[in-house]
Amino acid sequence: MRIDVSDLTKTYKGGARALDGLSLVVPTGMYGLLGANGAGKTTFMRILAGLLKPTSGRVVIGGHDLATAEGRLAVRRTLGYLPQDLGVYPDLSARRFLDYIALLKGLHSRSARRRRIAELLEVVALSDVADRRLKGFSGGMLRRVGIAQALLADPRLLIVDEPTTGLDPEERIRFRTLLSQLAGDRTVLLSTHIVDDVAQTCRSLAVLGHGRLAFQGTVSELVSQAHRQVWTVTTSGPAPAAGRVVSALPEGAGMRYRVVSAAPPDPYARPVEPTLEDGYLALMDGRAP
Amino acid sequence: MIASLRYEFAMQLRRPSLWIVYGLVVAVMVTVLDYWSLDLGVYEVSAPKEAMGVAAQIVVTLLPIVYGCMLADRLPRERVLRVDGILDATPSGRTARLIGKYAGVCAATAVPLAIAYFGRALLYVFVEGQPSALGWAAVTFLASILPGLVFVGALAFAGPLLLPPMVFRVLFVAYWFWGNVIPASLMPTLSHTVFSATGEYVRYGLLTPIPPGYGRASAVLDFLRPGYTPATAWLWIGVMIALAAAVLSLVRLHASRSES
Ligand SMILES: Nc1ncnc2c1ncn2[C@@H]1O[C@H](COP(=O)(O)OP(=O)(O)OP(=O)(O)O)[C@@H](O)[C@H]1O
Ligand SMILES: [Mg+2]
C-alpha cells in the first residue's frame, strides 16, 4: 500500500508550523521515519491516521484520498495505529480492552475475535497477564498492549509512533523483528529516535527536520552521507575541537573518540566506516549552518 | 454503537464510587424523606398505584443529583486517559460511538437508582401483599422517571464541554434544587414546569389523582405550567426527549468543530 504525500502543511492553532510543504512517497514494506524532537513525526502520522486535518496539501493512501470522508473511512478500515502517547482504560483487563477495540474495528464474530486476541496476546507475550487490569501494567507491558491492538484487524497499513521507547533491549529487538516480518506486503511506517531500529529493519527511510523533508532514500544512501567523515582519535589530551563527538571510550591512559567531521579532526585521526547513526548526524550537521 | 454501549456500561457500573455515593444518598432518603413509610399524608399507602407514585416522587427529589454528578466526568474521559487516538483511528463512526457511550453510561448510572426504586416496590409487595405494585412501579418508572433521566443524563453528559467536572457538579446540584425541587412561588424557577425533570406531569396527568390544592398559587413562568392532563403528560415526555436530542447534537457539533 503506497502513500503519496504532496506539499503537506500543518499549522496548529496558535501558529506552530509542524509540517511545512512535505512531499514524500512511502512504498510498500517497512519504512523508517527519523527526526529530532519536534520535527513533526507525530503530526505527520496523526494526519495519515486521519486524526488530524492538514492545513493544506494532499495525502493519498492506497488510492484513497484523505481529504474525503470515504477516503478516511477506507484507510481506517485497513489501518493499525499505535500512538506515541498511548493510553488505555485502567479498569479493563488486557483481554477486555483488546475485545473492545476489536469490536470497534468491526470484528463482529465473537469466536474469531477471541481467537485473534489470544493469538496476539501470545505474539506480544502477555498471555499470562491477559486477565489482569491494565492499571497494574508497566510501561513496556502497556506498549505491547498497544502493539497488539494495532494488529487486531490484520492491517495493510501499520503506523507506529515510537513503539520501542520504554521497551527493554530484548523486547525491543523482538518487537522490531516482528514489525519487519509483518512488513512483507504491508506498509509499516515506523517513527523512532533510535537510529539502530531503522538500520536493523528498514530498507528505506525519510528524515524530517523542522517539518520539512531532510532526506529520503535508502539506508545505505543515508550512511554514505557520512562517507569519509567518520574518524577515531585516540588521545590523552582534550577532546577534538572540530566535528561532533559520537562516542568516547576510555582506552589505556587516554580516550578513544569517534568523531563525525568533514575534515580530519586531528592529524592522527584514522578514518572508519560510517554507520547509519553517523549518516544521520552528518546529515543534521550538514543542514544546520 | 453497541460496542461502546456495552463497554461504557460495564466500566461505569464497576466504579466503586457510584455505589458508595448512591448508598449514602439512599440512606438519607430512607431516614429523612419518608421513603420507608411512603406516607406523605396525601394518599392511602395501601393503594399500590399511589404508593408507587409517592416512591417515584421521593426518588426523583435527590437521586438524580447523584446520577448527574456521576455522569459529569464521562465525556472527556477518553481524552484524559489518552485512548482517543486509538478509538478515533478505528473505522467506527464517531456519532455512533458518542450515542453508544451516552446510552451505556446513563444506563449504568441509572442502575442503582432503579434498584432503589424497584427494591422499594418489592418490599411493598411483601409488606402489603399487593403484587400489582410491581406492575405500577414498572409503568411509573418508564413513564415518569425515565424521560427525566434521559434529559438530565444528556445535560450532565454534556456539562464538561463548558466547565470542569467539579465546577459543573456544584452548579448541577444548584440547578437541581432550583429547577426541580423548590416551590414555584418562591422565586422564578423551572420547578413544576414541563421543563422540570421530576415527572410530575406524568404522575398527575396519567397515573394518580392530583393532590388537593396542589400547585394553585400563581407564580412567574406559569405559562410553562399547563394543567395536569394526559396530553400534557405526553407533552412532557416529548419535551424531555427533544431536549436530550438537542443537547447531544450540540455535543456532536462541538466535537466535529474541534476535530482539526
Ligand atoms: N497539539 C498541538 N498544538 C500546538 N502545537 C503542537 C501540537 N502538537 C505538536 N505541536 C508542535 O508541532 C511541532 C511538531 O510536533 P510533533 O509532535 O509532530 O514532533 P515529533 O517529531 O513527533 O517530536 P517527538 O520526537 O518529540 O515526538 C512541535 O514544534 C510541537 O511543539
Ligand atoms: Mg512524536
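Colleague: I'm lost on the nonpolar core in this one. Help?
Modeller: Among soluble globular proteins, nonpolar side chains are generally buried collectively. Among the nonpolar cores identified, the biggest contains 69 residues, and Leu38, Met52, Tyr117 and Ile145 of chain B are the most heavily contacted of them. Contributions of two or more residues to this core are made by helix H2 (16–32), helix H3 (48–71), helix H6 (94–128), helix H7 (132–158), helix H8 (165–181), helix H9 (200–207) and helix H10 (230–258) of chain B. Contacts of Met52 of chain B, omitting those with residues within four sequence positions, involve Leu38, Tyr117, Ala121, Tyr124, Ala133, Trp136, Ala137 and Thr140 of chain B. Met30, Tyr100 and Val124 of chain A together with Val83 of chain B belong to the second largest nonpolar core, which has 63 residues in total.

Colleague: Would you mind going over the confidence of the model for chain A with me for this structure?
Modeller: Residues at a pLDDT of 70 or more form 99% of chain A, whose mean pLDDT is 90. For chain A, the element scoring lowest by mean pLDDT is helix H9 (residues 276–287) of chain A, at 81; helix H3 (residues 94–104) of chain A scores highest, at 96.

Colleague: Before we go on, may I ask you to explain the coordination of the magnesium ion (ligand 2) in this structure?
Modeller: Perfect tetrahedral coordination of a metal by four donors corresponds to 109.5 degrees between them, and perfect octahedral coordination by six donors corresponds to 90 or 180 degrees. Residues and elements named next belong to chain A. Thr42 (OG1) and Gln84 (OE1) make up the full set of protein donors to the magnesium ion (ligand 2), lying at 1.8 to 2.1 Å. In this pair, Thr42 is assigned in helix H1 (residues 41–48) and Gln84 in the loop between strand E6 (79–82) and H3, connecting sequence segments 42 residues apart. Classification of Thr42 by relative accessible area gives partly exposed; the value is 25%. For Gln84, a relative accessible area of 31% corresponds to the partly exposed category.

Colleague: What's the story with the side chain of Thr193 of chain B in this structure? I'm lost.
Modeller: Residue and element names in this part refer to chain B. Looking at the element boundaries, Thr193 is found in the loop between H8 and H9. On the basis of relative accessibility, which here comes to 1%, the residue Thr193 falls in the buried class. Beyond its immediate sequence surroundings of up to four residues, Thr193 is in contact with Tyr201, Leu221, Leu224 and Arg225.

Colleague: What is the right way to read the site of ligand 1 from this model?
Modeller: All names here are of chain A. Lining the immediate surroundings of ligand 1 are 14 residues, of which Gly38, Lys41, Thr42, Thr43 and His193 lie closest. For ligand 1, an oxygen atom lies 2.9 Å from a polar atom in the side chain of Gln84. Here ligand 1 has 640 Å² of accessible area as a free molecule, and 62% of this is covered by the chains. Take the shell around ligand 1: its biggest share by element is 3 residues, from H1. Residue classes in the shell around ligand 1 are distributed as 5 nonpolar, 7 polar and 2 charged.

Colleague: Quick question: what am I supposed to make of the sheet that holds strand E11 (residues 230–235) of chain A here?
Modeller: The strands making up a sheet associate through backbone hydrogen bonding, with each pair oriented either parallel or antiparallel. Residue and element names in this part refer to chain A. One open sheet accounts for 4 strands, arranged E12-E13-E11-E14; its pairing is antiparallel. Of all strands in the sheet, those bounded by a partner on one side alone are strand E12 (244–251) and strand E14 (270–271). One ladder, built from 2 bridges, connects E11 with E14; its direction is antiparallel. Considered in E14, the bridge of Trp231 is made with Pro271.

Colleague: How should I be thinking about unusual backbone geometry in this particular structure?
Modeller: What you tend to see is this: most non-glycine residues have negative phi, and most peptide bonds are trans. Positive phi outside glycine occurs at Arg228 of chain A, with the angle close to 60 degrees. Residue placement: Arg228 of chain A occurs in the loop between helix H8 (219–223) and E11. The class for Arg228 of chain A is exposed, based on a relative accessible area of 56%. With phi around 60 degrees, His192 of chain B is a residue other than glycine that occupies positive phi space. Within the fold, His192 of chain B resides in the loop between H8 and H9. Under the relative-accessibility criterion, His192 of chain B is labelled buried at 17%.

Here is what the cut-offs are and how they apply
- Residues numbered from 1 in each chain as written.
- Chains lettered and ligands numbered in written order.
- Predicted model: local features only at pLDDT ≥ 70, side-chain atom pairs only at ≥ 80, totals over all residues.
- Heavy atoms only, no water.
- Core = buried A, V, L, I, M, F, W, Y, C linked by side-chain atoms within 4.5 Å.
- Buried < 20%, exposed > 50% of the residue type's maximum accessible area, 1.4 Å probe, protein only.
- Helix = DSSP H or I, 4+ residues; strand = E, 2+ residues; numbered from the N terminus.
- Contact = heavy atoms within 4.5 Å.
- pLDDT = per-residue confidence, 0-100.
- Donors = N, O, S within 2.8 Å, 3.2 Å for Na, K, Ca; no water.
- Near = heavy atom within 4 Å.
- Polar contact = N/O pair within 3.5 Å; in protein donor to acceptor, adjacent residues only side chain to side chain.
- Areas by Shrake-Rupley, 256 points an atom, 1.4 Å probe, with all protein chains shown as cover.
- Nonpolar A, V, L, I, M, F, W, Y, C, P; charged D, E, K, R; others polar.
- Pairing = 2+ DSSP bridges.

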